[in-house]
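Structural description and commentary
Each chain, letter by letter, is given below.
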Amino acid sequence: MTDAAPEAGEARPRGIALALTTLSFWIGALGLLTAMTADALSVAGRHFGFPFIGSIEIVQVSVIVAASAAMVGATLGGAHAVVHIVLESVPSALRRALQ
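If you're wondering where the values come from, they're calculated on a predicted model, not measured in any experiment. (Residues numbered from 1 in each chain as written. Predicted model: local features only at pLDDT ≥ 70, side-chain atom pairs only at ≥ 80, totals over all residues. Heavy atoms only, no water.)

Concerning the overall build of the chain
Counting its secondary structure elements, the chain contains four helices and zero strands. Mapped from its N terminus to its C terminus, the chain presents α and β elements in the order α-α-α-α. Relative to its full complement of 99 residues, the chain shows a buried share of 17%. Taking as baseline every contact in the chain between residues at least 6 positions apart, the subset at least 24 positions apart corresponds to 49%. Surface accessibility of the chain: about 7600 Å² in total, with carbon and sulfur atoms responsible for 70%. (Helix = DSSP H or I, 4+ residues; strand = E, 2+ residues; numbered from the N terminus. Buried < 20%, exposed > 50% of the residue type's maximum accessible area, 1.4 Å probe, protein only. Contact = heavy atoms within 4.5 Å. Areas by Shrake-Rupley, 256 points an atom, 1.4 Å probe, with all protein chains shown as cover.)

Structure below.
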């Protein structure tokens, strides 16, 4: 997570949203660490004659967990990409509703 200042009009998450965003970050980090460990053990096991059966599936599930956590964290933190071209071309009332 970065400590970059939010842009004008953006607010940082607070309270429960901040706690859930932080939790989401750590769940995603754990998912990536699990994927990396499973893949490293699989490669090492292949070279030493001890294959790690199911490592591909473990990596796949870990990446899904990491990606899901990233989407949840981005949603709670308000960090999703915004298409300014579309938002600038609609009336201000609709723009506020879409944001």
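We are not done yet, so read on.
Comments concerning the environment of valine 90
With respect to the helices and strands, valine 90 occurs in the loop between α3 (84-88) and α4 (92-98). Overall, the relative accessible area of 18% leaves valine 90 in the buried class. Residue contacts for valine 90: discarding those within four places in its chain leaves Arg95 and Leu98.

Focus on helix α2 (residues 55-77)
Along its 23 residues, α2 runs 32 Å from first to last C-alpha, staying within 8% of the 33 Å computed at 1.5 Å per residue. Within the sequence span of α2, burial applies to Ser55, Ser62, Ala66, Ala69, Gly73 and Ala74. Residues of α2 that are buried sit in contact with α1 (16-48). Positive phi shows up at glycine 78, right after α2, with a value of about 65°. (Expected span 1.5 Å × (residues − 1).)

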